[in-house]
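Single-letter residue listing:
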Amino acid sequence: MKIRSLVLKDREKLRSMLIDSHVFNQEEICVAMELIDIVLKDPCQKDYTIKCMVDGDDSPVGYICYGPIPMTRGAFDIYWIVVKPDFQGKGIGSNLMDVLEKEVKEKNGRMILADTSSIKDYEKAQKFYIKRGFQEEARISDYYWPGNDRITFCKRLC
C-alpha cells in the first residue's frame, strides 16, 4: 500500500467509505464531500490537503484531510480521517497521521488539532488520537446538540 494525493477517480470511493463507516450522519458526509470537491476543483488552493492510502489496485482504503488554521502560526487542523471498516486496526490511520505530521513539521508547524464528538460512535476516534500522542485540550458541553460535546485534541510537535 502507498499514500498519494487525492485524484478525481477517488471521489465516489471516499463517499462510500464515509457511508460504510456507519459513524457519520448525512450532514457530516455532505461537509466531508464539500472539502473533497474543493480539493478536486482547485488543486492550487492551500486550505485543505487530502492524502489517500491506496491498495495494490490504487483504490483508497483510507484518507486524511487537513490544513493550516487561518490566522495562526504553525497550527493545523485535521478535518477528516477515515479508514474503510475492513481495513481498520491495520495501521492505515497511523500511516496517514505519520504523513500529516511529517508535512506539518516540514512547514514549521508546531501543533495539530482534531475536533471530535463525545458520543459513543466517536469513542474509537478519541482513543486513536490519545494513542497517537494527542491530549484533550478543550471540551465544550452540548456543542453539537444537547448531550454531544465537542472535544478538541491537540498534539504539540515541538
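These figures come from a predicted structure and were not determined experimentally.

Draft legend 1. Structural detail: the nonpolar core. Among the nonpolar cores identified, the biggest contains 21 residues, and I64, I78, L100 and F134 are the most heavily contacted of them. Mapped onto this core, the elements with two or more residues apiece are β3 (60-68), β4 (75-83), α3 (92-106), β5 (111-117) and β7 (148-156). Here this core takes 5 residues from α3, the largest share from any one element. What F134 contacts, discounting residues up to four positions off in sequence, is I78, M97, I112, A114, Y129, F153, C154 and K155. Of all hydrophobic cores here, the second largest spans 19 residues; its members include L6, L18, V39 and C52.

Draft legend 2. Local environment of the layout of surface pockets. By volume, the largest pocket is sized at about 1,300 Å³. In terms of lining residues, the largest pocket is bounded by 40 residues, among which F24, I81, Y122, A125 and Y129 are the most central. Residue assignment for the lining of the largest pocket shows that the elements contributing at least two residues are α2 (26-41), β4, α3, β5, α4 (123-131), β6 (135-145) and β7. Considering every element that reaches the lining of the largest pocket, the biggest residue donor is β4, with 7 residues. Its residues assigned to classes, the lining of the largest pocket comprises 21 nonpolar, 10 polar and 9 charged. Every residue lining the second largest pocket is counted, 15 residues in all, and those nearest its centre are V39, P43, Q45, Y48 and T49. At the level of elements, α2, β2 (49-54) and β3 are the ones that each hand at least two residues to the lining of the second largest pocket.

Draft legend 3. The sheet that holds β2, seen in detail. Read from one edge to the other, the open sheet built from 7 strands follows the order β1-β2-β3-β4-β5-β7-β6, with strand pairing classed as mixed. Each of the sheet's edge strands pairs with one partner strand only, and the pair in question is β1 (2-5) and β6. Between one strand and the next, the sheet's axes are offset by a mean angle of 25°, whatever the strand orientation. Pairing between β4 and β5: 4 bridges, direction parallel. Residue pairing in the sheet places F76 in a bridge with I112 of β5. Contacts from α2 reach β2, β3 and β4 within the one sheet, and its direction differs from that of β4 by about 115°.

Draft legend 4. Up close: the side chain of N148. Relative to the helices and strands, N148 resides in strand β7. Here N148 falls in the buried class, since its relative accessible area comes to 2%. When sequence neighbours within four positions are dropped, the list of residues in contact with N148 reads S117, S118, I119, D142 and Y143.

Draft legend 5. Examining helix α1 (residues 11-20) more closely. When we look at burial in α1, the residues that qualify are L14, M17 and L18. Along the axis of α1, the buried positions cluster into a sector of 100°, meaning they face one direction only. Residues of α1 that are buried make contact with α2, β2, β3 and β4. Immediately beyond the C-terminal end of α1, within one or two residues, lies H22, with a positive phi of roughly 55°.

Criteria and thresholds
- Residues numbered from 1 in each chain as written.
- Predicted model: local features only at pLDDT ≥ 70, side-chain atom pairs only at ≥ 80, totals over all residues.
- Heavy atoms only, no water.
- Core = buried A, V, L, I, M, F, W, Y, C linked by side-chain atoms within 4.5 Å.
- Buried < 20%, exposed > 50% of the residue type's maximum accessible area, 1.4 Å probe, protein only.
- Helix = DSSP H or I, 4+ residues; strand = E, 2+ residues; numbered from the N terminus.
- Contact = heavy atoms within 4.5 Å.
- 1 Å grid on protein atoms, 1.4 Å probe; cavity = no way out; pocket = protein on both sides within 12 Å on 5 of 7 lines; lining within 4 Å.
- Points joined across faces, edges and corners; volume = space filled by probe spheres on them.
- Nonpolar A, V, L, I, M, F, W, Y, C, P; charged D, E, K, R; others polar.
- Pairing = 2+ DSSP bridges.
- Axes fitted to C-alpha atoms, helices over the stretch in contact; angles between N-to-C directions.
- Arc of directions from axis to C-beta.

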